[in-house]
Amino acid sequence: MSKEVLVRVENVSKKFCRDLKTSLWYGVKDLTGELLGGRQGQSELRPKEFWAVKDVSFELRRGECLGLIGRNGAGKSTLLKMLNGLIKPDTGKITMDGRVGALIELGSGFNPILTGRENIYNNGSVLGISKKEIDKVIDEIIAFSEIEKFIDSPVAYYSSGMKVRLGFSVAVHMKPDVLILDEVLAVGDSGFKIKSFNKINEMMKNAAVIFVSHSMPNVAIISNKILLMEYGQMEFHGGKCFHRIDKVLRIIVGG
Ligand SMILES: Nc1ncnc2c1ncn2[C@@H]1O[C@H](COP(=O)(O)OP(=O)(O)O)[C@@H](O)[C@H]1O
Ligand SMILES: [Mg+2]
């Protein structure tokens, strides 16, 4: 019997503007339009705009891992930011069930002037987790991240590898139903990577995972579904289909 759907993405699109000044001008226009009650045509592009994500739909169930792949600029991070509620789609609908743990941009979830330990509590409270609950897992979070010695130093002093260790450890120990990982493991050393993959594997029993990586071997090992994006659109979506792998590689390598 298949498990319940935790992530449902229906015809989601997001447009951006290539030019900052025009983008600010559109922002002001959209806001006044909204205030006056008029609805702008959200599904149309204005000059200098482009679709960063266009008409993407998929479902993900508990126990599944989606490998999200595609060249730089394909729209992967934009899609993940919409899933995590950081930005709103222009069209379409996203339904997420349960708690979402996400590691999208390196260190973006951290306040640099706070210590690692303070940031753990901070991240937890953003997810609605009480101090008491975090008290129970904080030793585990710190031990998994292997940065015990620096946990009371400001995160501003951390290397990118240390931020990944802490961010990953926090995300997985908050028991998310949906875990979103955007290229983050590329930064860690191989020891930490192996440990992290084992952890993801263990979590997949009870969670849905979305995993972005440029490492095809890593994607092949961990994911049981693949979504290939190209210029914001879904180029391929399905179970691991190795007869399509030449197409996947051609798009990734750019041949
Ligand atoms: N805030 C933004 N404003 C304008 N353009 C953006 C913004 N964020 C991302 N983009 C553009 O959207 C496209 C998709 O970016 P992104 O989702 O980061 O791709 P990926 O993660 O696949 O490398 C790129 O062309 C990028 O330059
Ligand atoms: Mg990205």
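Source: prediction; values computed, not measured. (Residues numbered from 1 in each chain as written. Chains lettered and ligands numbered in written order. Predicted model: local features only at pLDDT ≥ 70, side-chain atom pairs only at ≥ 80, totals over all residues. Heavy atoms only, no water.)

Draft legend 1. Up close: the site of ligand 1. Taken together, the neighbourhood of ligand 1 is formed by Phe-16, Cys-17, Phe-50, Ala-52, Arg-71, Asn-72, Gly-73, Ala-74, Gly-75, Lys-76, Ser-77 and Thr-78. Contact with the protein chains covers 61% of the free accessible surface of ligand 1, which is 570 Å². Counting residues per element, the ones that place at least two in the shell around ligand 1 are strand 1 (5-17), strand 2 (49-61) and helix 2 (76-83). Tallying contributions element by element places helix 2 first for the shell around ligand 1, with 3 residues. In the shell around ligand 1, the residues fall into 5 nonpolar, 5 polar and 2 charged. (Near = heavy atom within 4 Å. Areas by Shrake-Rupley, 256 points an atom, 1.4 Å probe, with all protein chains shown as cover. Helix = DSSP H or I, 4+ residues; strand = E, 2+ residues; numbered from the N terminus. Nonpolar A, V, L, I, M, F, W, Y, C, P; charged D, E, K, R; others polar.)

Draft legend 2. Examining the nonpolar core more closely. Core analysis: the biggest nonpolar cluster contains 25 residues, and Phe-168, Leu-181, Ile-200 and Phe-211 have the highest contact counts within it. Elements that contribute at least two residues to this core include exactly strand 3 (65-69), helix 5 (160-173), strand 6 (178-182), helix 6 (190-203), strand 7 (208-212), helix 7 (216-222) and strand 8 (225-230). If near-sequence neighbours (up to four positions away) are discounted, Ile-200 is found in contact with Phe-168, Leu-181, Leu-185, Val-209 and Ile-222. (Core = buried A, V, L, I, M, F, W, Y, C linked by side-chain atoms within 4.5 Å. Buried < 20%, exposed > 50% of the residue type's maximum accessible area, 1.4 Å probe, protein only. Contact = heavy atoms within 4.5 Å.)

Draft legend 3. Local environment of the pairing of strand 1. Here strand 1 pairs with strand 2 via 9 bridges, running antiparallel. Residue pairing for strand 2: Lys-15 is matched across the bridge by Trp-51. By the bridge criterion, 5 bridges tie strand 1 to strand 4 (residues 91-96) in an arrangement that is antiparallel. Within strand 4, the position partnered with Val-7 by the bridge is Met-96. (Pairing = 2+ DSSP bridges.)

Draft legend 4. Fine view of the sheet that holds strand 9 (residues 233-239). Within the open sheet, the 6 strands sit side by side as 5-6-7-3-8-9. Their pairing is mixed. Single-partner strands in this sheet number two, and they are strand 5 (100-103) and strand 9. Each strand of the sheet is rotated relative to its neighbour by a mean of 15°, with strand direction disregarded. The pairing of strand 3 with strand 7 spans 4 bridges and is classified as parallel. (Axes fitted to C-alpha atoms, helices over the stretch in contact; angles between N-to-C directions.)

Draft legend 5. Structural context of the packing of helix 3 (residues 116-126) against helix 4 (residues 131-145). Viewed as axis vectors pointing N to C, helix 3 and helix 4 meet at an angle of 130°, and their least axial separation amounts to 10 Å. One finds that helix 3 runs oblique with respect to helix 4. The hand of the helix 3/helix 4 crossing is right-handed. On helix 4, the residues touching Arg-117, Ile-120, Tyr-121, Gly-124 and Ser-125 of helix 3 are Lys-131, Ile-134, Asp-135, Ile-138, Ile-141 and Ile-142. Residues of the contact of helix 3 with helix 4, tallied by class, amount to 6 nonpolar, 2 polar and 3 charged. (Parallel < 35°, antiparallel > 145°, perpendicular 65-115°, else oblique. Left-handed = near helix turned anticlockwise from the far one by under 90°.)

Draft legend 6. Highlighting the pairing of strand 7. Within strand 7, 5 of the 5 residues are buried, which leaves it mostly tucked inside the rest of the structure. Of the two faces of strand 7, the one carrying Ala-208, Ile-210 and Val-212 and the one carrying Val-209 and Phe-211 are both buried. Viewed along the sheet, the connection from strand 6 through helix 6 into strand 7 turns out right-handed. (Right-handed = clockwise from strand over helix to strand, strands pointing away.)

Draft legend 7. Spotlight on the pattern of salt bridges. Applying the stated criterion across every chain, the model contains 14 salt bridges. Here Asp-30 and Arg-46 are joined by a salt bridge, their closest N and O atoms 3.0 Å apart. With Asp-30 in helix 1 (residues 20-35) and Arg-46 in the loop between helix 1 and strand 2, the pair connects residues that are 16 residues apart, well separated along the chain. Judged by its relative accessible area of 22%, Asp-30 is partly exposed. When salt bridges that share partners are traced, they join Lys-15, Asp-30, Arg-46 and Glu-49 into one network. (Salt bridge = Lys/Arg side-chain N within 4 Å of Asp/Glu carboxyl O.)

Draft legend 8. Main features of helix 3. By the burial criterion, the buried members of helix 3 are Gly-116, Asn-119, Ile-120, Asn-123 and Gly-124. In a view along the axis of helix 3, the buried residues occupy a sector of 140°, so they form one face of it. Residues of helix 3 that are buried in the fold lie against helix 4 and helix 5. Following helix 3 by one or two positions, Gly-128 adopts a phi angle in the positive range, close to 80°. (Arc of directions from axis to C-beta.)

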